Structure formats: structure tokens, C-alpha cells
Amino acid sequence: METKTSEELFKRACAVIPGGVNSPVRACSSVGVNPLFISHGDGCYVYSVDGDRFIDLIGSWGPLILGHADTDVLDAIKETLANGTSFGAPTELEVEFAETLCAALPSMEKVRAVNSGTEATMSAVRLARGFTGRDKLIKIDGGYHGHADFLLVAAGSGAATLGIPGSGGVSAGSAQDTILVPYNDLAAIERVFEEVGSEVAAVIIEPIAGNMGVVVPSEGYLQGISALTKKHGALFIMDEVMTSFRVGYGCAQGLYGIKPDITCLGKIVGGGLPLAAFGGRADVMDKLAPLGGVYQAGTLSGNPLAVTAGLKTLELLRRPGTYERLEELGAMLEKGLREAASAASIPVCINRVGAMLTLFFQKGPVNNYADAKASDTERFSKYYQAMRERGIFLPPSQFEAMFLSLAHGSEDIAEIVQAAHESMACL
Ligand SMILES: *Cc1c(COP(=O)(O)O)cnc(C)c1O
């Protein structure tokens, strides 16, 4: 593997971009190497500026479920492109996009498009507060919902605690209304509702946690949250930015049979362009300006190019067999990785739903963030580097999900598994 051109670019980048990257995890700092710069992608492969080919398991952190440079998506974008890129006035494409999302999700009666998952969650929480007239928010420790101030909150001490700022620049005031509870612990949420239930605007949760590594909800957990929010007059916000159209066309709420009050969508809905959305109950959504008093806006919201990429991606996902194929690929990779670890006598815990999975370097089980943090991150670093040397592009953190796409084939999975055998053998 060559890195010379990437190293040169990284040096230039570091002089003018903080840390050389526009999103921190890309810097690869937790895995002890410098990032590779990408020249282009094709199907399940990305190519570095140094000329090496990698099998991509990042998929732009989720969106590229069809793989890179899908010709149908590119052609659709080109067709829209010829008409201009943005109008700041409504277009038919946006209506079609909203209709498509509402048709996919029974919980979604109305929906608004935004530019990023961060905007979707931030707006959803503001809306929940505006609708309920309450301030407090229950959030999962280790859950990620983008980088709005009141969502960048760390746990104080104790099982269910008032939030303290989880980042520089977050005021104590922004953090104090966020209450953190561990994932998969319904009793902890119940206790918060017993104490301050009448002040809670919403519970926000990733139905399948994906940003502490993949962690699967235990039986009845999401149903329990749904019942508790109903009982106490709070809203249930499901952050499906990662899971939407990833784990099924009905998203995670379809898998588990839940109807949240508000759902946040992102990543795949934009087909690789900047687009996200939030939507849900019509009576809640109608509290948004211009109908209601909760303000929310965006110069490029519902951008025609992004909506086109999203619509084409969703259309292709509706082809029969899509999610069966993704499940098949995911199961194949899981099995291969288990065998590789077992052959090297390395304890691992693999959590997977369909084509999203995390291999934790520990024997597990991993049911929440505290469990995930007990993983051997040093071993992960070595594994990451060994895999990259062998042409496998893993997410550069133990606490992220690998994503497979419809562009991956069984021969690609075999290549990944072979690389894992070799890499595990030298850990
Ligand atoms: C990626 C992600 C976000 C943030 O989306 P951005 O588009 O990066 O702002 C929010 N919530 C979840 C669950 C995510 O995975």
C-alpha cells in the first residue's frame, strides 16, 4: 500500500483545515494512522489518491447502500442538474420525496426535508418541546444524534443523571435539560418518568444503536419506551438517521412494530448527497412554521439534486429481494469474521442487524455503551491497520458500524474474510 500522495495532501490539509478533516473521525487518530485521501469510488470499492483499491465497509458512513457511483443514481442527478441546482421555492420533487417517505412509514403523516441528520434531530427536539410545552429530554448514554448543543451531553454520576456538557463550547444551561440513561435499561427511563415525568418533552433514541458500535435493542425495550412516553404525555423521537432504509424498507420501526411520534431520517434518504428529514404525527408537525409557532428553516432544504438522488435510491431499494440480499451478505460476513477470530483464538462479540455490524474485541455481550467501552481498542487499532494494509477500508473506530451495500458480492466478502484471517493471526 502506498501513502505518499495521501501524506502530502494531509499535510496541506492540516495547514488549513482543523485536524486536516471536515469531520473528526476521518482523521483516523484513534487507530494510530493518517487518513488515506480518496480519488474515486466504484461499486463497493474506493481508490486512494495513491492508486490502491480498497473494499469499502464505510459506505460514506451509511448512505451508499447501492455502492459508489451507481449509474442510475448518477443519471437521475444529471437529468435534474440540467434544470438548475436550487430555487428557494417549492418544487414537485420535494412533494414526491415527502409522499415517498410517508408511504414507507405508517408513523409519518407529514415530513420536512433538511440538510443533515444533525438538523433533523435538533429540529425534532425543538418541535417536541414546542408541542408539549416541556423542556426535559431523555437521551441514551453513548447514543449519537448529531452535534446540537443539547445532544452533546455527557453522563454525570449515577444511573440516570442530569447531563453535563459533553464538548467544549456547550453551556451548562444547554446540557442541563438532557437526562442520560443507559441503552437497553427500561427501568432507568421509568425512574426518570416517575421523578420528573410531567417535565419530559421527549425520549430520543437510535432504535438500533449504531454510534457506540452496533447494539441491538432487547425484547420489549422500544415497546416499553413507546408505552411510557404515551402514559406521561411525552413524545417518542426515533432517530433513524442511520437505520432508515438500512435495516428494511420500513426502517427499524417496521422491524420492531413501533409507531414513534417523530422520526428522524438521514444518510440513505439522500443517496449520498446532503439530505435528511424529520416527520411524524400531523398534529405535531403542524406546529412548525408557517402553520405553528416552532421555527425551522433552510436555504437549501429539499434541494432538487439531493432529493433526486434520494428518490432514485429509494426506488431501487424497492426492487424485490433487496433486504434479503443485504441480510445474506451480512450473515456471510459475520460468519467469516467469527471463524477468523476463532481460528486466531481472539475473543470477539459481533452485533449485527442485516447489513450493519460491529466486531467488538471482547467476549461480550455488548448491550450498552459501558459494555462497548470495555472493548480492547488497542487490538482494534492493530486490526484496522492490518486490514487496511490488505485492502480493506474499515471504519476507523471500534465504536462504529461496518456497512455493506448491494454492490458487494460474495467474492468481496471472501476477500474481506481472508484479510481478517491474516490480520487476526498477527494481533
Ligand atoms: C449520522 C447520524 C446523525 C447525524 O447526521 P449528520 O448528517 O452527520 O449530521 C444523527 N443521528 C444518527 C443516529 C446518526 O447515525
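All figures in this text were calculated on a predicted structure; none of them were measured in a lab.

**Describing the nonpolar core**
- The biggest cluster of nonpolar side chains holds 62 residues, and the ones touching the most others in it are Leu 101, Phe 245 and Tyr 383.
- At the level of elements, helix 2 (71-81), helix 3 (92-104), strand 4 (110-114), helix 10 (304-317), helix 11 (322-343), strand 14 (356-360), helix 13 (377-389) and helix 14 (410-425) are the ones that each hand at least two residues to this core.
- Among the elements that make up this core, the one with the highest residue count is helix 10 (eight residues).
- By size, the runner-up hydrophobic cluster in this structure holds 28 residues, among which are Met 212, Val 215, Leu 228 and Ile 258.

**A look at the sheet that holds strand 16 (residues 402-403)**
- One open sheet accounts for three strands, arranged 13-14-16; its pairing is antiparallel. Either end of the sheet is taken by a strand with one partner, and the two such strands are strand 13 (349-353) and strand 16.

**What to know about the packing of aromatic side chains**
- Tallying each qualifying case throughout the model produces six aromatic pairs.
- Between Phe 54 and Phe 393, the aromatic rings sit 5.7 Å apart at their centres with planes inclined by 50 degrees, giving tilted as the arrangement. Placement of the pair is Phe 54 in strand 3 (residues 53-56) and Phe 393 in strand 15 (residues 392-393), with a sequence separation of 339 residues.
- Phe 54 sits in the buried class, given a relative accessible area of 1%.

**Topic: the site of the ligand**
- Lining the immediate surroundings of the ligand are Ser 116, Gly 117, Thr 118, Tyr 144, His 145, Gly 146, Glu 206, Asn 211, Asp 239, Val 241, Met 242 and Lys 267.
- Between the ligand and Gly 117 there is a distance of 2.8 Å, counted from an oxygen atom to a backbone nitrogen or oxygen.
- Note that an oxygen atom of the ligand is positioned 3.1 Å from one of the side-chain N or O atoms of Asn 211.
- For the ligand, whose unbound accessible area comes to 380 Å², protein coverage reaches 82%.
- The residue inventory of the shell around the ligand, partitioned by class, reads three nonpolar, six polar and three charged.

**So, the packing of helix 2 against helix 10**
- Between helix 2 and helix 10, the least distance of the axes is 9 Å, while the angle of their chain directions is 150 degrees. When the axes of helix 2 and helix 10 are compared, the crossing they make is right-handed. Listed contacts from helix 10 to Asp 72, Val 73, Ala 76, Ile 77, Thr 80 and Leu 81 of helix 2 are Pro 304, Leu 305, Thr 308, Ala 309, Lys 312, Thr 313 and Leu 316.
- Among the residues making up the contact of helix 2 with helix 10, the classes are represented as eight nonpolar, three polar and two charged.

**Focus on unusual backbone geometry**
- Of the consecutive residues Ala 289 and Pro 290, the connecting peptide bond is found in the cis state with omega at 10 degrees.
- With respect to the helices, strands and loops of the structure, Pro 290 is situated in the loop between helix 9 (282-285) and helix 10.
- Cis peptide bonds are those with omega within 30 degrees of zero, and the linkage from Gly 364 to Pro 365 qualifies with -5 degrees.
- Within the secondary structure, Pro 365 sits in the loop between strand 14 and helix 12 (369-373).
- At Asn 184, a position not held by glycine, the phi torsion is positive, near 65 degrees.
- Within the element layout of this structure, Asn 184 appears in the loop between strand 8 (178-181) and helix 6 (186-196).
- Given a relative accessible area of 18%, Asn 184 falls into the buried group.

**Details of the environment of Val 348**
- Relative to the elements of secondary structure, Val 348 occurs in the loop between helix 11 and strand 13.
- Among the residues examined, Val 348 registers a relative accessible area of 15% and is labelled buried.
- Between the C-alpha atoms of Val 348 and Asp 42, which are 306 residues apart in sequence, the distance is 31 Å.
- Val 348 has contacts with Ala 341, Leu 359, Phe 360, Phe 361, Gln 362 and Lys 363, leaving out every residue within four places of it along the chain.

**What to know about the domain arrangement of the protein chain**
- Along its sequence, the protein chain is carved into domain 1 (6-69 + 320-426) and domain 2 (71-317).
- Each of domain 1 and domain 2 has a C-alpha centre, and these two points are 25 Å apart.
- Facing the 30 residues of domain 1 at the interface are 32 residues of domain 2.
- Surface buried jointly by domain 1 and domain 2 totals about 2,400 Å² across both partners, of which 67% is contributed by carbon and sulfur atoms.
- Three residues stand out in domain 1 for area buried against domain 2, namely Tyr 323, Val 353 and Met 356, and they jointly supply 26% of the buried area on that side.
- Viewed at the interface, domain 2 and domain 1 are joined by ten residue pairs in polar contact (both at pLDDT 80 or more).
- Elements represented by at least two residues in the side of domain 1 that touches domain 2 include exactly helix 11, strand 13, strand 14 and helix 12.
- Across the side of domain 1 that touches domain 2, the residue classes break down as 21 nonpolar, seven polar and two charged.

**Comments concerning the sheet that holds strand 15**
- What the four strands build is an open sheet, ordered 1-2-3-15; its pairing is mixed. With one partner strand each, in any of the chains shown, strand 1 (38-42) and strand 15 form the two edges of the open sheet.
- Looking at chain direction, strand 1 and strand 2 (residues 45-48) are connected through four bridges and run antiparallel. Paired with Ile 38 across the bridge in strand 2 is Ser 48.
- Sitting on the sheet, helix 14 is in contact with strand 2, strand 3 and strand 15, with an inclination near 100 degrees to strand 3.

About the cut-offs
Residues numbered from 1 in each chain as written. Predicted model: local features only at pLDDT ≥ 70, side-chain atom pairs only at ≥ 80, totals over all residues. Heavy atoms only, no water. Core = buried A, V, L, I, M, F, W, Y, C linked by side-chain atoms within 4.5 Å. Buried < 20%, exposed > 50% of the residue type's maximum accessible area, 1.4 Å probe, protein only. Helix = DSSP H or I, 4+ residues; strand = E, 2+ residues; numbered from the N terminus. Pairing = 2+ DSSP bridges. Phe/Tyr/Trp six-rings, centres within 6.5 Å; stacked < 30°, edge-to-face > 60°. Near = heavy atom within 4 Å. Polar contact = N/O pair within 3.5 Å; in protein donor to acceptor, adjacent residues only side chain to side chain. Areas by Shrake-Rupley, 256 points an atom, 1.4 Å probe, with all protein chains shown as cover. Nonpolar A, V, L, I, M, F, W, Y, C, P; charged D, E, K, R; others polar. Axes fitted to C-alpha atoms, helices over the stretch in contact; angles between N-to-C directions. Left-handed = near helix turned anticlockwise from the far one by under 90°. Contact = heavy atoms within 4.5 Å. Domains from an automatic or database assignment. Buried area = accessible area lost by both parts, 1.4 Å probe.

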